[in-house]
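# Results of the structural survey
Next come the chains, spelled out residue by residue.
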Amino acid sequence: MPKQNIKSTNKENREKTTSFVCRKSCGYSVEMFSFKYFSFLFVALVALQTMAAKASESSEEASNVIADIDNEWWKTAVFYQIYPRSFMDSNDDGIGDLRGVLSKLSYLAETGITATWLSPIFQSPMIDFGYDISDFKAIHEEYGTMEDFEELIAEANRLDIKIILDFVPNHSSDQCEWFIKSAAREEGYEDFYVWADGKMNDDGEMEPPNNWQSVFYGSAWTWHPERGQYYYHQFTAEQPDLNYRNVKVVEAMDDVITFWLDKGVSGFRVDAVNHLFEDPDLKDEPLSGKTQDKFSHLYTDHIYTKDLPEVYDMLYHWRNLLDEYTETHGGPARIMMTEAYADLKFLMDYYENADGSKGPHFPFNFFLLTDISQKSDARDYVFNIQKWLTYMPRNHVANWVMSNHDNPRIASRLGVDSVDAMNMLLMTLPGVAVTYNGDEIGMEDFRDIAWEDTVDPPARNVGPDNYKEVSRDPVRTPFQWNAEKNAGFSNADKTWLPVHPNYEELNLELQKSMEKSHYSVYKDLIELRKMPVMEQGRTTLEVISRNVFAVIRSFKGQSSVITIINTSTEEQMINLLEVLDDDIKQLTVLVSGVNSIYDKGTEIPQEDFEHFILTPQEALVCMIE
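Residues numbered from 1 in each chain as written. Predicted model: local features only at pLDDT ≥ 70, side-chain atom pairs only at ≥ 80, totals over all residues. Heavy atoms only, no water.

## Observations regarding the sheet that holds strand E16 (residues 538-543)
Going by this rule: Strand pairing requires that DSSP identify at least two bridges connecting the strands. Comment: elements are numbered from the N terminus, with helices defined as DSSP H or I runs of at least four residues and strands as E runs of at least two. As a rule, the C-alpha atoms of each element are fitted with a line to give its axis, helices using only the stretch in contact, and angles between N-to-C directions run from 0 to 180 degrees.
Strand order across the open sheet formed by 6 strands is E16-E17-E18-E23-E20-E21, with antiparallel pairing between neighbours. The open sheet has two free edges, formed respectively by E16 and strand E21 (603-605), since each of these has just one partner strand. Taken pair by pair, the neighbouring strands of this sheet meet at an average axis angle of 25°, ignoring direction.

Listed below in structure tokens is the structure:
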């Protein structure tokens with residue numbers, strides 16, 4: 001039959017069928033059709049709503065993941081401290097500056113650094129090299145301009161490097177407008193600082209209101225003739241302490257924080273926070289018995305000028321400010337890390353109090369800096385690491401500091417052969433690692449700076465006979481980029497501090513050209529920290545012998561990583577079977593030091609575990625397989 005007739009027949013049959021159904025029960029059929037049609041629409045609508053909900057949930061989950069990443073970026077970061085005055089000089093005046101830092105951001109990116117903390121860059125008379133701030137919202141002219149800073153932020157953002165600023169809330173410069181107004185008793189500023197009347201001694205002479213001493217030596221009180229009162233300063237006389245019992249001071253500092261957040265910074269390192277409050281009754285502090293020198297900071301126990309409980313409330317307030325800013329403006333978490341050399345239990349409440357109020361994201365952990373020396377053995381290291389992990393509140397993040405602009409560098413404090421081992425320890429412990437610029441190449445303190453070249457206030461205060469004992473200048477010398485003039489830091493005839501004479505043999509450019517160097521070890525460690533076991537793994541500490549200890553990181557579904565460290569200046573033989581399970585077949589070296597007898601990738605079989613040799617101050621990071 002022709003196709004045309006088939007179509008015609010099918011059409012006729014369909015029409016007949018439809019006519020028959022309609023004639024049989026037209027009303028019923030219409031209702032059934034209507035019910036089926038709307039049922040279909042209902043099911044389809046529900047399906048679409050379900051799909052939309054799932055899509056929304058997926059989108060929300062994705063957003064939450066991104067938010068979590070943004071909020072937790074700091075938890076496994078390496079914070080690279082830059083001392084701008086000594087990092088890179090862009091205009092050949094012998095002083096490091098912002099454009100110098102800008103020119104070296106690519107170096108940080110190449111190294112793997114994603115966050116850097118800048119020591120103070122604000123307007124200052126430079127009595128204490130930026131820690132005496134005259135204008136909290138301006139850039140010091142030696143360092144550049146606000147435009148330079150904005151360009152620095154833009155380039156850092158492009159390279160995915162977060163900028164953390166040094167926030168110095170305890171005091172200002174005596175040249176700050178606030179202090180000038182306070183000294184003149186200008187309305188609104190009368191009590192911006194800590195003022196007090198003096199007292200007459202037995203000889204009828206005026207003297208300070210109490211026996212408080214400055215951290216930088218001498219009385220913590222200075223007479224102000226215009227005001228006719230003493231003002232309090234925990235550091236130099238040119239650094240008067242702000243009065244945080246005055247709400248206007250708190251508001252002014254909140255405004256400073258917000259100003260720099262608006263400029264694009266990712267947070268603050270808060271200086272000397274445990275000095276923020278002092279006893280309002282100005283009571284004499286008890287004598288410590290540590291020295292007979294009445295002008296030494298060690299002369300009294302500082303129970304009325306340091307670590308007062310009001311500090312907590314101030315920190316919780318600033319944390320809330322940062323969290324609210326992040327919530328309002330979006331983007332990655334803005335963080336706060338605090339500096340305080342204080343009692344361990346006191347520091348732990350910085351994280352949060354018993355009621356759950358949150359403080360800084362982390363208070364600096366200085367115990368590997370203050371309580372570890374060349375005399376320390378494996379037990380001392382493990383004790384100082386474990387006590388922080390033990391006291392730290394749950395669900396918080398540890399951090400580790402080995403040196404900074406106020407304390408000796410790793411190479412000088414613990415020995416030049418310890419650099420790789422200490423960087424391995426720093427980078428394989430859980431949480432945040434803080435590196436002081438230059439430690440990645442093993443820079444050393446220049447301890448023979450002449451008196452005439454000394455600029456550090458505490459050193460100048462004690463005079464030419466004793467300045468070397470307290471001077472911080474040796475740890476602040478210019479960064480050693482290469483073997484050219486002034487180590488590539490500056491083309492100036494004289495730099496603000498002399499360059500260490502060893503720069504021709506110890507510099508970044510030379511280390512980059514070497515197959516194995518402190519710098520290459522450091523880069524390997526940065527890369528290693530990206531492993532899930534390093535970011536999320538549990539930590540076990542083992543004292544293997546008096547001189548050797550291990551840090552073991554383990555994570556479900558991942559191979560464990562062990563860092564083995566010889567703390568002594570002599571070769572050590574140990575038995576790894578004491579800390580490794582019997583079913584471990586081998587160790588594979590992931591990172592080894594400059595002087596190690598093992599190379600990266602070396603496989604160490606189980607039969608070598610019982611008589612495992614480490615050279616003096618050697619460390620290894622190995623995969624456990």
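## A closer look at the side chain of Gln 617
Note the threshold: Under the scheme applied here, a residue whose accessible area is under 20% of the maximum for its type counts as buried, over 50% as exposed, and between as partly exposed, the area being computed with a 1.4 Å probe on protein chains only. What makes two residues a contact is simply this: any of their non-hydrogen atoms within 4.5 Å.
Secondary-structure assignment places Gln 617 in the loop between strand E22 (612-614) and strand E23 (619-624). Residue classification places Gln 617 among the buried positions, given a relative accessible area of 12%. Residue contacts for Gln 617: discarding those within four places in its chain leaves Leu 414, Asp 417, Ser 418, Ala 421, Asn 566, Thr 567, Ser 568 and Thr 569.

## Some words on the pattern of salt bridges
Here is the rule we go by: When a carboxyl oxygen of Asp or Glu lies within 4 Å of a side-chain nitrogen of Lys or Arg, that pair is called a salt bridge.
Within this structure, the stated rule accounts for 33 salt bridges. Across the salt bridge formed by Arg 269 and Asp 166, the nearest N and O atoms sit 2.7 Å from each other. Residue Arg 269 is located in strand E11 (residues 267-270), and its partner Asp 166 is located in strand E5 (residues 162-167); the two are separated by 103 residues in the primary sequence. The exposure classification of Arg 269 matches that of Asp 166, with both residues buried. Each member of the salt-bridge network shares a partner with another, and the members are Asp 128, Asp 406, Asp 456, Arg 472 and Arg 476.

## Regarding the packing of aromatic side chains
Ring pairs (aromatic) are described by centroid distance and by the angle formed between their planes. Rules: Two rings from Phe, Tyr or Trp (for Trp, the six-membered ring) form a pair when their centres are within 6.5 Å of each other. A pair whose planes differ by under 30 degrees is stacked, one over 60 is edge-to-face, and the rest are tilted. For a lysine, the NZ atom is tested; for an arginine, the CZ atom; a charge sits over a ring if that atom is within 6 Å of the ring centre and within 35 degrees of the ring normal.
Per the stated rule, a full pass over the model turns up 46 aromatic pairs. With centroids separated by 6.2 Å and ring planes inclined at 55°, the aromatic side chains of Tyr 244 and Phe 277 adopt a geometry described as tilted. A residue pair is termed long-range when its members are at least 10 positions apart, and Tyr 244 in the loop between strand E10 (229-232) and helix H6 (247-262) and Phe 277 in the loop between E11 and helix H7 (310-329) qualify at 33 residues. In this structure Phe 277 comes out as buried when scored by relative accessible area, which is 6%. On the numbers, 5.4 Å between centres and 10° between planes, the contact of Tyr 598 with Phe 612 is stacked. Here the residue Tyr 598 occupies a position in the loop between strand E20 (586-592) and E21, and Phe 612 occupies one in strand E22, the gap between them amounting to 14 residues. Across the pair, exposure class does not vary: Tyr 598 and Phe 612 are buried alike. Site record: aromatic cluster; members linked through ring pairs are Trp 73, Trp 74, Phe 79, Trp 117, Tyr 341, Phe 362, Phe 364 and Phe 366. Positioned over the ring face of Trp 496 is Arg 85, at 4.9 Å from the centre of the ring. For Lys 283, the ring lying beneath its charged end belongs to Tyr 304, and the centroid distance is 4.9 Å.

## Details of the environment of Leu 108
Along the chain, Leu 108 falls in helix H3 (residues 105-111). Considered as a pair, Leu 108 and Ile 161 are 53 residues apart in the sequence and their alpha carbons are 8.2 Å apart.

## A closer look at H6
An α-helical turn contains 3.6 residues, so a residue and the one three or four places further along point in the same direction. Keep this limit in mind: Expected span of a helix: the number of residues minus one, times 1.5 Å.
Taking 1.5 Å per residue, 16 residues should reach 22 Å; H6 reaches 23 Å between its end C-alpha atoms and fits that length. What H6 keeps buried is the set Val 249, Val 250, Ala 252, Met 253, Asp 254, Val 256, Ile 257, Trp 260 and Leu 261. Just downstream of H6 lies Gly 264, where phi reads positive at about 110°.

## A word on the packing of helix H12 (residues 419-428) against helix H16 (residues 518-528)
The following threshold applies: These descriptions rest on fixed angle ranges, namely under 35 degrees for roughly parallel, over 145 for roughly antiparallel, 65 to 115 for roughly perpendicular, and the rest for oblique. In this scheme the handedness of a crossing depends on how the near helix is turned from the far one: anticlockwise by less than a right angle means left-handed, clockwise means right-handed. Residues are grouped as follows: nonpolar covers Ala, Val, Leu, Ile, Met, Phe, Trp, Tyr, Cys and Pro; charged covers Asp, Glu, Lys and Arg; every other residue, Gly included, is treated as polar.
With their axes 10 Å apart at the nearest point, H12 and H16 run at an angle of 15° to one another. In terms of orientation, H12 and H16 fall into the roughly parallel class. In this structure, the crossing between H12 and H16 has a hand that is right-handed. On H16, the residues touching Val 419, Asp 420, Asn 423, Met 424, Met 427 and Thr 428 of H12 are His 518, Val 521, Tyr 522, Leu 525, Ile 526 and Leu 528. Grouping the constituent residues of the contact of H12 with H16 by class yields 8 nonpolar, 3 polar and 1 charged.

## As for the environment of Val 621
The topology assignment puts Val 621 in strand E23. We classify Val 621 as buried; its relative accessible area is 0%. Along the sequence, Val 621 and Val 591 sit 30 residues apart, while their C-alpha atoms lie 5.0 Å from each other. Apart from residues lying up to four places away in sequence, Val 621 is in contact with Met 424, Thr 428, Leu 525, Leu 528, Val 561, Ile 562, Thr 563, Thr 588, Val 589, Leu 590 and Val 591.

## Digging into unusual backbone geometry
In the Ramachandran plot, Asp 92 falls in the positive-phi region, its phi being about 60° despite a non-glycine side chain. Along the chain, Asp 92 falls in the loop between strand E1 (78-82) and helix H2 (98-103). Phi angles above zero are rare outside glycine, and Asp 307 is one such case at about 60°. Residue classification places Asp 307 among the partly exposed residues on the basis of a relative accessible area of 25%.

## Here we look at the nonpolar core
Which entries qualify depends on this criterion: The definition of a nonpolar core used throughout is a set of buried Ala, Val, Leu, Ile, Met, Phe, Trp, Tyr and Cys residues joined through side-chain atoms within 4.5 Å.
Judged by nonpolar contacts, the single largest core of 147 residues is most densely connected at Phe 79, Phe 149 and Trp 318. Per-element tally for this core: the top contributor is H7, with 9 residues. Setting aside its immediate chain neighbours within four residues, Phe 79 contacts Trp 73, Trp 74, Ala 115, Ile 164, Ile 335, Met 337, Phe 362, Val 432, Ala 433, Val 434 and Thr 435. Membership of the second largest hydrophobic core comes to 21 residues, among which are Ile 574, Leu 587, Val 589 and Phe 612.

## As for the pairing of strand E12 (residues 335-338)
The condition that has to hold: For the handedness criterion, the strands are oriented away from the viewer, and a crossover whose path from the first strand over the helix to the second runs clockwise is classed as right-handed.
Alternating positions in E12 separate into two faces, Ile 335 and Met 337 on one and Met 336 and Thr 338 on the other, with burial throughout. The pairing of E11 with E12 spans 4 bridges and is classified as parallel. From the neighbouring strand, Arg 269 faces E12, where its bridge partner is Met 337. In this view, the connection linking E11 to its parallel neighbour E12 by way of H7 has right-handed handedness. Direction of pairing for E12 relative to strand E13 (residues 362-363): parallel, over a ladder of 2 bridges. Each residue of the ladder has a partner; that of Thr 338, found in E13, is Pro 363.

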